[in-house]
Amino acid sequence: MNRGQIEARLIAHIESVSAARVTAATHLIDEQIIDSMGFINLIAFIETEFGVSFEESELDECFESIGMIAGLVTKKRV
Amino acid sequence: MGETLDYARAAALAAGAADWLVEQGISAGDRVALLTVHHIAFVPILAGAATAGASIVPINPHLHPDELTFILADAEPTLILTDEPKELAKRFRETPQFVIGDVVGDWEARGAGAAGETIAGETIALAGGGKAARNGSSPAANGDPDDPVPAITVYTSGTTSSGKGVMLSESNLIAMAQLLANHYAIDETDRFYGVLPLHHMNGIMMTGILPLVAGASAVLADLFSFKNAKFYWQHVAEHEVTVPSLVPSIMAMLLRLYPNGAGVDLSRIKHAFCGTAPLPESLWKTFEERFAMPVYQGYGLTETTTWATATPCTPGHRHDSVGVPLGTEIEIDCAAGSAHTSEEGEVLIKGPMVMIGYLKRKKATREIFQGDFIRTGDLGYFEDGELLITGRRKEIIIKNGLNINPNEVDEIVAQHASILESKTMGDPDDIVGESITTVCVPRDYAHPPAIEDVKHHVSEMMSAHYRPDKIVYLAHLPKGPTGKVAMRQLRGILSGELSEEIVKRLTAWKYKRSQPNNRGAVVRTVQQSLESGAPIRFLTYWGCGKRAELGEVDRLAIDRMLEMLASAEYIETIPAKLTILLNDIHSRVNEVPEAHYKEYYSAVAEYAKERGIDSIWQSDVWQALGLDLNKVVAHAESAAFDKTWTTHPLRAELTNAAERHYRGGDAERGARRYLGACISETWPFGEKFAGSLFLSYNGPEFDACLPHLPTLHIFSYKKGKTVKPWFVEEEVSA
């Protein structure tokens, strides 16, 4: 699965749970696409879906947008 | 790892802070505002201030400036300590302000001489070991027990109409901590883990005063957030924690993030504490099973320091109660009298942790006290010695442990230019305890403002935690005779339960000859009326038989419909309205003489009017819709209609009916004409009367020939009778 496919999968997931339209660049927290429980659910989804886990600093820095998350997931899956 | 404060250094800091505060001119009865989320020097500052005879006022530095201003203006601190330099100076120019980081070194230097040994918690200045106490100037140490002095003043909210400073004395704090320590056998081997702020009593007690009094230790970690949640158990294990301090929302997030258990060694944990909000039974059980640790919860208010009841420390504790009284006497104020604690009533609490009173609010203090008991405003009862909380008398919403007065949210929402009025309420929420729902009545229901716009408006005026989680638009708020919002009805509208209940009544077997084809559409139609405030509209067809005069059966049938409609009138302002459609077109199709049907329909219309029912001639609707009967009939009799007719499932039934009612001779011809007329009406009538429910005396198989509307199939003039009233020729008695 490449970065584009991961992005597409994440966009589909977030749109299905938030009923909002998002792009890879949408800021998930600032634009209130997901709340804190939504964030927790997103982490749980990514871990099961892509079989990766994260470091504390990564969640802080790289979880702003789908594009950033997809980049991180791609890097971890290599 | 961050900074560590051992007891020796804490004692030194406390003594030094007391000394420094006295030097700053702090004297007995003064208040020191402490703006910090979780500064490690929190407890030493509390202790130092108590030694100086002053009380601290812990304040969330991230409050909205208006709330901060309210609290500071109300508390009138002599001095402000903050760990986050803010723009306070401008507003409170008169009050000396210090950044903790700038003065803590001075405290330590001053205190080094005053406290040279490592001392167990309770001997730290809380019991009065500092300079001021030694000089005899501390009422905390020497005070009159009948006139206690606050050691801490905690605000319940930051808004003008509901914010009150709860004054808790040193003995309140110590009694609370000792009761907890004894009940749960907390000692110096314990280590607490705090991810909750120190401007709320739960954090102050569980990760501040309780460890101090028990001689235990506490880790003040970063506040719990969705970003560090994933590493919670890892940190707990690294710090060798024995007692994590939790709230229900954190527990829910941890469960979500750790589907297979913590994944780290948690064997040091004795148990976890959970406070600030009701703990749902399923969440409680699942958490204990998944992470293999007992969780104990308590119940109390800021006014009772922390917990007035606590889960018994025994295996197999129950999960539906808030536990046993913790050094308190609890009465239930119910109709049967306070001795009957097994009956539901208001929970009253008396005990060593009950507050002194509200700062500068004598009336509010008088109102909440009943003798030595405090009225909690919560409803509950006892079962086998344990207290079960069933609800709240007051409307206050508790979200994430913070009190939110819904009226204050409504005041702000009402200032939005496009909102007429609103009603804010709490909804039970497994994560945050209660979430905030604001029902708004827009000035123009058809064009309401964007929901984000209203949320933003609230955020501008109040702290983030007041922001409604959900905004719902209704065209009206159901109100009682006094103009007060009828909460039960409002909740019923929002949940959809009210429309379900109304449809249940409308489809009671007393009226219903068979189930509706599309119950969901019936419910949705009712729901739309409830939301828009429009009447619940019903439409029915009325035909003509051999009688030209109104019969008793006609009256009975109409009255029955009215009776059924009355059962849908739950909300005074939302009546049920019936329109009778006089089927003169169908009578013409059946070649009934015009004078005959006109006489009959006029009599029906007259009786309907008497009963407050509208009636409308079918021919008028045809005209309005541009339908042409001659064309419709010609089409129905032409070869082009053959296929529709020969394949129609109701062909036999319609022919059978035409044999009795068609006055033009050939029954099949009559049936074709009738079907043609019905088919041409189905959709246009459905659109014309959209939003109405259709009442049909036919069975559901006839729906295809009737206006395309959600349809209820009802008995005619009596339960069990399906014959149409206008076809009944003999006199019928009720």
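Residues numbered from 1 in each chain as written. Chains lettered and ligands numbered in written order. Predicted model: local features only at pLDDT ≥ 70, side-chain atom pairs only at ≥ 80, totals over all residues. Heavy atoms only, no water.

1. Comments concerning the overall build of chain A
This is how it is decided: Here a helix means four or more residues in a row that DSSP labels H or I, a strand means two or more in a row labelled E, and each is numbered from the N terminus. Residue burial is assigned from relative accessible area. The probe radius is 1.4 Å, only protein chains are included, and a residue is buried under 20% of its type maximum, exposed over 50%, and partly exposed in between. Residue contacts are counted whenever heavy atoms from the two residues lie within 4.5 Å of one another.
What chain A contains, in helices and strands, is 4 helices and 0 strands. Reading chain A from its N terminus to its C terminus gives the helix and strand order α-α-α-α. With the C-alpha coordinates of chain A rotated into their principal frame, the extents come out at 30 × 25 × 20 Å. Across the 78 residues that make up chain A, the buried fraction comes to 46%. The contacts in chain A between residues at least 6 apart in sequence include a share of 53% that link residues at least 24 apart.

2. Section: the pairing of strand 30 (residues 711–714) of chain B
Residues and elements named next belong to chain B. Basically, it comes down to this: Criterion used throughout: strands pair if DSSP finds at least two bridges between them.
What you see with strand 30 is no split at all: Thr711 and His713 on one side and Leu712 and Ile714 on the other are buried throughout. As paired elements, strand 25 (residues 512–514) and strand 30 share 2 bridges and run antiparallel to each other. Within strand 30, the position partnered with Lys512 by the bridge is Ile714. In this sheet, strand 30 lies alongside strand 29 (residues 692–696) in parallel orientation, the contact comprising 3 bridges. Within strand 30, the residue paired with Leu695 across the bridge is Leu712.

3. Topic: the interface of chain A and chain B
Often, the extent of an interface is quoted as the loss of accessible area upon association of its parts. Heads up, the condition is: Once two parts are put together, the accessible area they lose, assessed with a 1.4 Å probe and summed over both, is termed the buried area. In what follows, salt bridge is the name for a side-chain nitrogen of Lys or Arg lying within 4 Å of a carboxyl oxygen of Asp or Glu.
Taken residue by residue, the interface counts 15 residues in chain A and 14 residues in chain B. Taken together, the two surfaces of chain A and chain B that pack against each other cover about 1,400 Å², and 68% of this comes from carbon and sulfur. The largest per-residue losses of area from chain A upon contact with chain B belong to Met37, Ile40 and Glu56 of chain A, which jointly make up 39% of the total buried on that side. In this structure, the connection of chain A to chain B is made through 1 salt bridge.

4. Topic: the pattern of salt bridges
All names here are of chain B. Counted according to the given criterion, the structure contains 39 salt bridges over all chains. The salt bridge involving Glu23 is made with Arg110; its shortest N-O contact spans 2.8 Å. One end of the pair, Glu23, is in helix 1 (residues 7–23); the other, Arg110, is in helix 5 (residues 100–114), with 87 residues separating them in the sequence. The exposed category is assigned to Glu23, whose relative accessible area is 55%. A salt bridge links Arg110 to Asp106; the shortest N-O distance between them is 3.0 Å.

5. Observations regarding the packing of helix 22 (residues 618–625) of chain B against helix 26 (residues 667–688) of chain B
Residue and element names in this part refer to chain B. Which entries qualify depends on this criterion: Interaxial angles span 0 to 180 degrees and are taken between N-to-C directions of axes, which are lines fitted to C-alpha atoms, for helices over the stretch in contact. Roughly parallel means an angle under 35 degrees; roughly antiparallel, over 145; roughly perpendicular, 65 to 115; everything else is oblique.
Relative to each other, helix 22 and helix 26 sit at 75°, their axes nearing to 11 Å. With respect to their mutual orientation, helix 22 and helix 26 come out roughly perpendicular. For the pair helix 22 and helix 26, the contacting residues are Gln618, Val621, Trp622 and Leu625 in the first and Ala677, Ser680, Glu681, Pro684, Phe685 and Lys688 in the second.

6. Side note on the nonpolar core
To be explicit about the condition: Only buried residues count toward a nonpolar core. Its members are Ala, Val, Leu, Ile, Met, Phe, Trp, Tyr and Cys residues joined through side-chain atoms within 4.5 Å.
Counting residues in hydrophobic clusters, the biggest one holds 71 residues, and the most contacted among them are Leu81, Trp107 and Phe273 of chain B. At 9 residues, helix 9 (residues 201–214) of chain B tops the list of elements feeding residues into this core. Excluding its chain neighbours within four sequence positions, the residues that come into contact with Leu81 of chain B are Trp20, Val32, Ala33, Leu34, Leu35, Ile45, Phe98, Ile100, Val103 and Trp107 of chain B. Counting residues in hydrophobic clusters, the runner-up holds 62 residues, among them Leu10 and Ile14 of chain A together with Ala229 and Trp233 of chain B.

7. Focus on the pairing of strand 26 (residues 536–542) of chain B
Definition in use: Here, the term right-handed applies to a crossover whose path from the first strand over the helix to the second runs clockwise when the strands point away from the viewer.
With respect to burial, strand 26 of chain B is a largely interior element, 6 of its 7 residues being buried. Taking the sense of rotation as the criterion, the β-α-β connection linking strand 26 of chain B, helix 19 (residues 552–566) of chain B and strand 27 (residues 576–582) of chain B turns out right-handed.

8. Overview of helix 1 of chain B
Residues and elements named next belong to chain B. This is how it is decided: What a helix is expected to span follows from its residue count: subtract one and scale by 1.5 Å. Any pair of N or O atoms that falls within 3.5 Å is considered a polar contact. Within protein, one atom must be able to donate a hydrogen and the other to accept it, and sequence-neighbouring residues count only if both atoms are side-chain atoms.
Helix length check: helix 1 (17 residues) gives 24 Å between terminal C-alpha atoms against 24 Å at 1.5 Å per residue, within 8%. Between a side-chain oxygen at the N-terminus of helix 1 and the backbone nitrogen of Ala8 the separation is 3.2 Å; the capping residue is Asp6. One or two residues past the end of helix 1 sits Gly25, with phi positive at roughly 95°.

9. Some words on the sheet that holds strand 30 of chain B
Residues and elements named next belong to chain B. Read across the sheet, 6 strands follow the order 25-30-29-26-27-28 without closing on themselves; strand pairing throughout is mixed. Edge positions in the open sheet fall to strand 25 and strand 28 (614–617), since each of these has one partner strand only. Each adjacent strand pair in this sheet contributes to an overall mean axis angle of 40°, direction not counted. Relative to the sheet, helix 18 (residues 519–532) contacts strand 26, strand 29 and strand 30, its axis offset from that of strand 29 by approximately 135°.

10. What about the confidence of the model for chain A?
As a note on interpretation, predicted positions should not be read in detail where pLDDT is low. Formally: Within a predicted model, pLDDT stands for the predictor's per-residue confidence, ranging from 0 to 100.
Chain-level statistics for chain A give a pLDDT mean of 84 and a share of 99% at 70 or above. The secondary structure element of chain A with the lowest average pLDDT is helix 3 (residues 56–61) of chain A, at 77, and the one with the highest is helix 4 (residues 66–77) of chain A, at 89.

11. Structural notes on empty space enclosed by the protein
All names here are of chain B. Quick note on the threshold: Lining residues are those with an atom within 4 Å of a point, where the points come from a 1 Å grid over the protein atoms alone and group into cavities, where a 1.4 Å probe fits but cannot get out, or pockets, open sets with protein on both sides within 12 Å along at least five of seven lines. Grid points are joined across faces, edges and corners, and a volume is the space filled by probe spheres set on the points. Gly falls in the polar group here, along with every residue not listed as nonpolar (Ala, Val, Leu, Ile, Met, Phe, Trp, Tyr, Cys, Pro) or charged (Asp, Glu, Lys, Arg).
For the structure shown, the criterion picks out 1 cavity of 30 Å³ or more. Of the volumes computed, that of the largest cavity is approximately 40 Å³. Of all the elements in the fold, those that place two or more residues in the lining of the largest cavity are strand 25 and strand 30. When residues of the lining of the largest cavity are assigned to their parent elements, the largest contribution, 3 residues, is made by strand 30. Among the residues forming the lining of the largest cavity, the class breakdown is 4 nonpolar, 3 polar and 1 charged.

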